[in-house]
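Chains, contacts and geometry: an overview
Spelled out from the first residue to the last, the chains are:
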Amino acid sequence: MATAAQWIEGARPRTLPNAIAPVLAGTGAAAGLDAAVWWKAALALLVSLTLIVGVNFANDYSDGIRGTDDVRVGPVRLVGQQLASAAAVRNAAILSLGLAAVIGLILVATTAWWLLLVGAACLAGAWFYTGGSKPYGYSGFGEIAVFVFFGLVGVLGTQFVQAERIDWVGAVLAVSVGAFSSAVLVANNLRDIPTDTQSGKVTLAVKLGDPRTRTLQLALLAVPFVGTLALVARTPFALVGLLAIPLAVRANAPVRSGKGGLELIPALRDSGLAMLAWSLLTALAVGFGS
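Quick look at the structure, then. If you're wondering where the values come from, they're calculated on a predicted model, not measured in any experiment.

1. A word on the environment of N18
Within the secondary structure, N18 sits in helix α2 (residues 16-32). Look at N18 and you get buried, because its relative accessible area is 7%. Taking the C-alpha atoms as reference points, N18 and G287, 269 residues apart in sequence, are found 20 Å from one another. Residues within four places of N18 in sequence aside, it is in contact with I52, F150, S181, V184 and M275. A distance of 3.4 Å separates polar atoms of two side chains, one belonging to N18 and the other to S181.

2. Here's the deal with a nonpolar patch on the surface
Judged by side-chain polarity, W38, L280, L284 and F288 come together as a nonpolar surface patch covering roughly 460 Å² of accessible area. The dominant element in the nonpolar patch, judged by the number of residues it contributes, is helix α12 (residues 265-288), at three residues. Structurally, the position occupied by W38 is in helix α3 (residues 38-66). On the accessibility criterion, W38 (53% relative accessible area) is exposed.

3. Notes on empty space enclosed by the protein
Summed over all chains, the structure comprises two cavities of 30 Å³ or more. Size it by volume and the largest cavity reaches roughly 630 Å³. Along the walls of the largest cavity sit 36 residues, with R12, T15, N56, N59 and L185 positioned nearest its centre. Listing elements by their share of the lining of the largest cavity, those giving two or more residues are α3, α5 (115-128), α6 (142-163), α7 (168-191) and α12. Considering only enclosed or pocket space, the second largest cavity measures out at about 40 Å³ in volume. Forming the boundary of the second largest cavity are Y129, G137, G140, F141, G142, E143, L185, N189, K201, T203 and L204. Looking at the lining of the second largest cavity, the elements that each hand over two or more residues are α6 and α7. Looking at the lining of the second largest cavity residue by residue, the class counts come to four nonpolar, five polar and two charged.

4. Side note on the nonpolar core
Formed by 27 residues in total, the largest nonpolar core has its most connected members in L173, V177, F180, L231 and W278. Elements with a minimum of two residues in this core: α2, α6, α7, α10 (210-231), α11 (245-256) and α12. At 10 residues, α7 tops the list of elements feeding residues into this core. Discounting residues that sit within four places of it in the chain, L231 has contacts with W168, V169, V172, L173, A238, T282 and V286. In this structure, A11, F57, L83 and A93 belong to the second largest nonpolar core, which totals 23 residues.

5. Considerations on the packing of α2 against α6
The geometry of α2 relative to α6 is characterised by a closest axis approach of 8 Å and an angle of 40 degrees between their N-to-C directions. With respect to α6, the element α2 is oriented oblique. As for the relative orientation of α2 and α6, their crossing is right-handed in sense. The segment α2 lies against α6, with N18, A19, P22, V23, A25, G26, T27, A29 and A30 engaging F150, G154, V155, T158, Q159, Q162 and A163. Residues belonging to the contact of α2 with α6 are distributed by class as follows: nine nonpolar, seven polar and no charged.

Reading guide: rules and limits
Residues numbered from 1 in each chain as written. Predicted model: local features only at pLDDT ≥ 70, side-chain atom pairs only at ≥ 80, totals over all residues. Heavy atoms only, no water. Helix = DSSP H or I, 4+ residues; strand = E, 2+ residues; numbered from the N terminus. Buried < 20%, exposed > 50% of the residue type's maximum accessible area, 1.4 Å probe, protein only. Contact = heavy atoms within 4.5 Å. Polar contact = N/O pair within 3.5 Å; in protein donor to acceptor, adjacent residues only side chain to side chain. Patch = residues over 30% accessible without salt bridge, like charges linked within 9 Å, V, L, I, M, F, W, Y side chains within 5 Å. Areas by Shrake-Rupley, 256 points an atom, 1.4 Å probe, with all protein chains shown as cover. Salt bridge = Lys/Arg side-chain N within 4 Å of Asp/Glu carboxyl O. 1 Å grid on protein atoms, 1.4 Å probe; cavity = no way out; pocket = protein on both sides within 12 Å on 5 of 7 lines; lining within 4 Å. Points joined across faces, edges and corners; volume = space filled by probe spheres on them. Nonpolar A, V, L, I, M, F, W, Y, C, P; charged D, E, K, R; others polar. Core = buried A, V, L, I, M, F, W, Y, C linked by side-chain atoms within 4.5 Å. Axes fitted to C-alpha atoms, helices over the stretch in contact; angles between N-to-C directions. Parallel < 35°, antiparallel > 145°, perpendicular 65-115°, else oblique. Left-handed = near helix turned anticlockwise from the far one by under 90°.

What is shown is where atoms sit, not what they do.
See the structure below:
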């Protein structure tokens, strides 16, 4: 039986910035429209957190039963390392995704019915990333899904449930956070190229190969800072986002220096920290800086 610490590690807490950053950014965008609603922001955060934990448990379950995690570096794999039964991890995924759905229904009921369709798409995306007979995460579409769900949907959805409209500032924030989130996954999949190739998991990193994947991670980390320059049209205080550059440089250091395996784990952690710092600073600037 897995210990409590192993269950927590299995939930992959290092990925939580991917859930927190879109809500910070979306709330900043809503505040920029003088429409921030803090209890809705709190509910959006709960939806995002339970969704990403559900995604992580669902991936652990699906990868584990396929044998993808039999040989793997990185965080704890509950099923792959036989620390917990597949059924227990599947149930944890269903519970987390169910909580996200229930909380999301409150936002649907208080905003717009069609958000129900968005929520359904998020739940389907969470499960079929590595689940089902033809998981899209095994075909190189993982980064696109992360960009869409934890970038575009996460930021613009958070802005919309509060302001009931979106604007170009929210769009720039959404693209930027999506790029950060994708950079985290690219670093993860770069680390796993050898084992994914061995197990038949064809991620975008496997398709691109090692050198081009490293270039992609750098390009994705640069996108938010281009977004910072665009946001100067909203407020010059947006330049505060450039203070996250040292974190982004540190995040890319293991990637550009040719590190592999466990030596790439700091790239995941620091990419998440850069995303959090940029999102918080930029949200404050666009929300309250003018």
